[in-house]
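# Close look at the chain arrangement
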Amino acid sequence: MNSFQFLVALTASFGGLLFGYEVGVMNVVLVMDAFRIFFKFHSWNGDALDENGKDTTDKAKMMYRKLTEADNKATLEGIITSSFVLGALCGALMATYLGEKYGRQRTIMIGACIFTCGAIIQGLSARSWIMIAIGRLITGLSIGCNGVLCPTYISEVAPAKIRGTLSSCYQLMTTFGIIVAAIINSIVWYYTNSSPEGLGIKRDNIWGEVANFEWRFALLFQIIPGLGLAILMSFLPKSPRWLCSKDRDEEAVEVLAKLNAASTSDELVQSELKAIQEDVAATRAAGSSSFGELFSPVIRRRTFITFLMQLFQQWTGINVIMYYQSQIYDEIGFSKFMSTVVLPIINNFVNFVSTFPGMWGIEKLGRKTLLVVGALMMMVFHISTWACSTQTHNGKLWQYLAVASVFLFVFSFAWTWGPVPWVYQAEVFPLRVRVKGSAVGTVSNFLNNWIIAFVGPALMKAWSTRTFLLFAAACLLAWIYSQFYVIECKGLSIDEMDAKMAAAKIIDQMCPNFCPCYKSNKQWISHCNNDNSNSNNNNSNNSNSNNSYSNINNSIFSIVSNSIENNVYIDSSVCEKMFNFLLGGRSINNSTREWKDLFKCQMKSGAYSDTPFLVVTAALLQSIIPIAIGQQWSLFNRFKSNRTTTTKSVNAEETVRQASRASATNEDHNFVF
């Protein structure tokens with residue numbers, strides 16, 4: 001990687017900075033007294049609190065306003081906070097059309113300008129929750145659009161070996177934006193909310209406004225990063241893949257040459273251009289894409305993986321903490337200053353620093369490993385946060401243990417589930433549907449983010465810290481999903497990713513438990529042939545049977561190998577029948593054990609099926625119903641007798657097709673390749 005590639009990726013990742021600042025600013029704005037009074041979340045009659053949050057009438061000890069919460073506070077807070085996410089949801093859908101029509105680079109610039117307009121509306125809002133909600137919805141449109149296109153743009157200009165690291169810059173800048181917002185606005189909060197004018201003086205109008213500089217400044221400050229991103233993106237090149245898709249190959253080769261710091265005639269540049277051109281040509285040959293294609297047999301698995309990954313990312317509870325952390329610390333028992341200034345800054349700093357191990361681990365450890373480890377860690381720390389929060393009445397130690405658990409949860413998230421979903425969705429889809437696939441993931445993220453943001457205040461009000469148990473349960477489900485369904489894609493080029501995701505994944509991911517001699521397709525075939533050969537020497541009566549089985553075995557693996565090699569999709573029902581034959585030709589006494597091994601392989605790697613739970617169920621049925629095994633053996637013998645009367649001109653593949661039709665008595669599908 002050269003400096004220009006890094007600069008391009010870093011600049012594009014500034015879209016994450018806008019997202020992070022928007023998240024970070026609301027945590028502080030929501031606890032600013034002027035904001036609460038202006039939008040009638042609270043009223044103030046002039047009473048005061050001391051520095052520990054206790055009532056006081058002593059002028060010398062008065063520190064903060066004592067506000068009275070309105071009945072509809074949780075609802076209004078949820079609407080204003082979640083309107084941003086609702087806009088992001090719509091923006092993610094807009095990104096599909098805009099990104100393909102105008103290009104990734106130009107659309108990101110448009111998104112930054114939209115963000116700036118939304119920030120202006122928020123900062124100049126009239127005394128109505130409707131106007132500020134509309135302003136946040138507009139900024140959300142920008143964030144949703146750029147949330148799709150920034151990681152996609154980075155992945156299309158980054159080398160395959162470090163694509164994950166550079167794509168995770170988006171998450172890094174998101175965390176950086178959060179900490180910048182926390183620092184700036186915590187300082188503003190401290191100087192405007194500590195010892196304000198009017199403490200201890202009774203107010204006739206409890207809903208009367210106080211000075212609104214604090215929250216207006218905080219929201220208008222978003223104009224700076226918004227305009228900054230728009231200006232910086234104007235200096236970056238267009239995506240070479242998008243240029244090729246628009247028949248602008250000359251521009252594409254110039255961009256590739258600049259990205260690789262080489263001449264346009266350089267071998268590396270020409271090879272990358274050729275690969276992109278072939279991908280584009282294949283995409284065009286298949287016709288224009290649609291959202292329905294994301295659910296075709298070839299692509300639907302990665303669509304569901306991406307959708308669920310972003311869903312679980314939000315249901316870990318990270319944004320409840322980021323949006324409402326000051327209120328959580330207050331609930332645990334900390335003072336206003338600690339809850340609003342000190343602890344949020346520390347937490348956001350932990351979030352930022354913890355992203356760096358993720359940038360390292362995403363390539364060294366792999367995407368799936370980070371998801372599995374992160375889900376378990378987050379579940380543990382959610383439970384410990386709840387447990388410690390129930391003991392805070394026993395002393396300050398329990399308060400600090402509870403907040404330490406929150407910090408450890410944020411650390412666990414920031415280096416695992418923070419960057420991985422964004423990197424994963426940007427790299428798993430083929431060019432033909434890449435933007436649409438990324439949009440599905442981003443829509444899932446913002447849809448669930450909106451749900452969390454809307455119900456978060458109500459959950460905390462009703463359940464208090466027991467809310468962490470809900471998120472712990474979600475983390476458990478996230479672990480199950482990561483362990484048994486996610487496919488690893490570390491170190492693959494985008495073209496190799498297409499091949500791996502579209503292929504059947506029957507042989508490449510099988511674990512050694514199923515066949516002790518497994519090392520490669522050919523060795524597995526050889527091992528089975530050797531077994532049959534030994535059996536021939538021991539029992540001549542079974543010679544035809546073993547030879548037939550060996551031929552079936554060879555045929556199946558030949559077809560599977562060719563399918564993987566040629567990127568041809570194999571349906572799960574086909575895979576199931578293949579293994580039926582493989583097991584049917586071996587010892588009946590070992591069938592149950594082998595099915596259990598197959599079950600372990602499946603649950604470990606998600607191999608051989610786009611619908612793993614369906615096939616796992618079939619495997620379990622085969623292992624617990626003896627008659628099913630008997631029918632397998634009977635079908636195999638029937639095939640064996642048919643085989644002896646078949647002419648030699650019938651090739652091995654046709655033999656497998658005939659056998660499959662014989663075994664499909666109660667099924668609707670035959671072998672289809």
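Residue numbers here run from 1 along each chain, matching the order of that chain's written sequence. It should be noted that, the model being predicted, local features are given only for residues of pLDDT at least 70 and side-chain atom pairs only at 80 or more, the latter also being counted only at that level, while totals for whole chains, interfaces and linings use all residues. Hydrogens and waters are ignored; side-chain quantities use all the structure's heavy atoms.

## Structural notes on the packing of helix α4 (residues 73–102) against helix α15 (residues 318–332)
How we decide: The angle between two axes is taken between their N-to-C directions and runs from 0 to 180 degrees, where each axis is a line fitted to C-alpha atoms and a helix contributes only its stretch in contact. Strands here are runs of E lasting at least two residues and helices are runs of H or I lasting at least four, both read from the DSSP assignment and numbered beginning at the N terminus. To sort the angles, those under 35 degrees are grouped as roughly parallel, those over 145 as roughly antiparallel, those from 65 to 115 as roughly perpendicular, and the leftovers as oblique. Throughout, a residue-residue contact means that at least one pair of heavy atoms, one from each residue, lies within 4.5 Å. Polarity classes work like this: nonpolar for Ala, Val, Leu, Ile, Met, Phe, Trp, Tyr, Cys and Pro, charged for Asp, Glu, Lys and Arg, and polar for all others, with Gly in that last group.
Put simply, α4 and α15 touch, their axes get as near as 13 Å, and they point 150° apart. The angle between the axes of α4 and α15 places the two elements in the roughly antiparallel class. Facing α4, whose interface residues are Lys73, Glu77, Thr81, Phe84 and Val85, α15 presents Tyr323, Tyr324 and Gln327. Considered class by class, the residues forming the contact of α4 with α15 number 4 nonpolar, 2 polar and 2 charged.

## With respect to the environment of Thr96
Counting through the fold element by element, Thr96 comes out in helix α4. The spacing of Thr96 and Leu149 is 53 residues in sequence and 8.7 Å in space, taken between C-alpha atoms. Setting aside chain neighbours within four positions, we find Thr96 in contact with Phe291, Val435, Lys436 and Ala439.

## What about the pattern of salt bridges?
Filter applied, for reference: Note on definitions: salt bridges are taken to be side-chain nitrogens of Lys or Arg within 4 Å of carboxyl oxygens of Asp or Glu. Residue exposure (1.4 Å probe, protein chains only): buried if accessible area is under 20% of the type maximum, exposed if over 50%, otherwise partly exposed.
Evaluation of the coordinates by the stated rule reveals 12 salt bridges. Note that Lys73 and Glu77 form a salt bridge whose closest N and O atoms lie 3.3 Å from each other. Pair noted here: Lys73 and Glu77 are both in helix α4, with a separation of 4 residues, about one helical turn. By the burial criterion, Lys73 is buried, and Glu77 matches it. The partner of Glu100 in a salt bridge is Lys436, with the nearest N and O atoms 3.4 Å apart. Taken together, the residues Glu100 in helix α4 and Lys436 in helix α20 (residues 434–463) connect sequence positions 336 residues apart.

## Regarding empty space enclosed by the protein
For clarity, the cut-off: The method works on a 1 Å grid over the protein atoms by themselves. A cavity is a set of points holding a 1.4 Å probe that cannot get out, a pocket is an open set with protein on both sides within 12 Å along at least five of seven lines, and residues with an atom within 4 Å of a point line them. Grid points are joined across faces, edges and corners, and a volume is the space filled by probe spheres set on the points.
Within this structure, the stated rule accounts for 3 cavities of 30 Å³ or more. Volume-wise, the largest cavity comes out at about 190 Å³. Around the largest cavity, the lining comprises 17 residues; the ones closest to its centre are Phe19, Gln171, Thr174, Asn319 and Phe413. At the level of secondary structure, the elements contributing two or more residues to the lining of the largest cavity comprise α2 (14–29), α8 (169–193), α14 (300–315), α15 and α20.

## Points about unusual backbone geometry
A positive phi angle, close to 60°, is found at Lys40, a residue other than glycine. Lys40 gets classed as partly exposed once you look at its relative accessible area, which sits at 42%. Phi at Ala261 takes a positive value of approximately 55°, unusual for a residue other than glycine. Here Ala261 lies in the loop between α12 (249–259) and α13 (267–285).

## So, the sheet that holds strand β3 (residues 64–69)
Here is the rule: Strand pairing is assigned whenever DSSP identifies at least 2 bridges connecting the two strands.
Spatial ordering of the open sheet is given by β2-β1-β3, a layout of 3 strands whose pairing is antiparallel. Where the open sheet ends on each side, the last strands, each with one partner, are β2 (55–56) and β3. Sheet topology note: the strand β1 (residues 42–49)/β2 ladder contains 2 bridges and is antiparallel. When the sheet's bridge partners are listed, Ala48 is paired in β2 with Thr56.

## As for the confidence of the model for the chain
To keep things clear, this is the line we draw: pLDDT: the predictor's confidence for each residue, scored from 0 to 100.
Chain-level statistics for the chain give a pLDDT mean of 76 and a share of 72% at 70 or above. Predicted confidence for residues 503–673 stays below pLDDT 50, and this span has 213 contacts to residues more than four positions away or in other chains.

## Section: the layout of surface pockets
By volume, the largest pocket amounts to about 850 Å³. Considering the residues around the largest pocket, the lining is formed by 36 residues, among which Arg36, Ser326, Gln327, Asp330 and Glu331 are closest to the centre. Every element with two or more residues in the lining of the largest pocket is listed here: β1, β3, α4, α15, α16 (336–364), α20 and α21 (467–484). The biggest single contributor to the lining of the largest pocket is α15, with 7 residues. In terms of residue class, the lining of the largest pocket is made up of 13 nonpolar, 13 polar and 10 charged.

## Concerning the packing of aromatic side chains
Note the cut-off: Two rings from Phe, Tyr or Trp (for Trp, the six-membered ring) form a pair when their centres are within 6.5 Å of each other. A pair whose planes differ by under 30 degrees is stacked, one over 60 is edge-to-face, and the rest are tilted. Two thresholds decide whether a charge sits over a ring: the Lys NZ or Arg CZ must be within 6 Å of the ring centre and within 35 degrees of the ring normal.
Across all of its chains, the model carries 25 aromatic pairs by this definition. Between Phe19 and Phe84, the aromatic rings sit 6.0 Å apart at their centres with planes inclined by 40°, giving tilted as the arrangement. Pair noted here: Phe19 is in helix α2 and Phe84 is in helix α4, with a separation of 65 residues, a long-range link. The same class applies to Phe19 as to Phe84, namely buried. Ring centres of Tyr481 and Tyr485 lie 6.4 Å apart, and the angle between their planes is 45°; on these two criteria the pair is classed as tilted. Exposure class is identical for Tyr481 and Tyr485. Each is buried. Clustering of aromatic rings is evident, with ring pairs tying together Phe35, Phe38, Phe39, Phe41 and Trp215. Over the ring of Tyr102 we find Lys101; its NZ or CZ atom is 5.6 Å from the centre of that ring. Between Lys436 and the ring centre of Phe291, over which it is positioned, the NZ or CZ distance is 5.9 Å.

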